[in-house]
Amino acid sequence: MFCPQCGKEYTQRVNFCCQCGTALFTPVTTSPKKLVRSRTDRKIAGVCAGFADYLELDVTLVRILWLMLALFGGWGLLGYLIAWIVMPQEPLRQPAVAPQPSASAQPAASH
Ligand SMILES: [Zn+2]
């Protein structure tokens, strides 16, 4: 990589040019988090796991909080139903394509 400011070449990754101090790192672009129902970690509809993922909390903690809301206020159950309806499901993750045994492969013919 080259420093766009002074043209110094760097063979390894550096964040700042040591000659002129220009920032050389490329900002990591992260897509904004989406509140989605988890497909993989779910007890009922994946709402709790979705919230836990979004809020970066332990899913068990979210479940406990939600259950407490449901038991003591009655709002948890309603909230869960609303979240179930409103929250989209997380997009399907494409599973890694496992090498399929080819149907055309013939067993070694014995002579
Ligand atoms: Zn420079």
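About the criteria used
Residues numbered from 1 in each chain as written. Predicted model: local features only at pLDDT ≥ 70, side-chain atom pairs only at ≥ 80, totals over all residues. Helix = DSSP H or I, 4+ residues; strand = E, 2+ residues; numbered from the N terminus. Expected span 1.5 Å × (residues − 1). Buried ≥ 20, exposed ≤ 12 C-beta atoms within 10 Å, placed from the backbone. Core = buried A, V, L, I, M, F, W, Y, C linked by C-beta atoms within 7 Å. Contact = placed C-beta atoms within 7 Å. pLDDT = per-residue confidence, 0-100.

**Some details on helix α3 (residues 75-86)**
Helical geometry note: an α-helix holds 3.6 residues per turn, so side chains three or four residues apart project in the same direction. Counted at 1.5 Å a residue, the expected span for α3 with its 12 residues is 16 Å, and the 16 Å between its end C-alpha atoms agrees. In terms of residue burial, α3 counts as a barely covered element, since only zero of its 12 residues are buried.

**Some points on the nonpolar core**
Counting six residues, the largest nonpolar core is built from Val 47, Cys 48, Ala 49, Phe 51, Ala 52 and Trp 66. Looking at this core element by element, the count peaks at five residues for helix α1 (residues 47-55). Those residues in contact with Cys 48, other than ones at most four positions away along the chain, are Lys 43, Val 59, Val 62, Arg 63 and Trp 66.

**Regarding the confidence of the model for the protein chain**
Confidence in the prediction of the protein chain, expressed as mean pLDDT, is 75, and 77% of residues score 70 or more. Within the protein chain, the element-level pLDDT minimum falls on α1, averaging 77, and the maximum on helix α2 (residues 59-72), averaging 79.

**Digging into the environment of Gly 7**
By the secondary structure assignment, Gly 7 is in the segment before α1. For Gly 7, a count of 10 C-beta atoms within 10 Å translates into the label exposed. Sequence-wise, Gly 7 and Cys 20 are 13 residues apart; in three dimensions their C-alpha atoms are separated by 9.8 Å.

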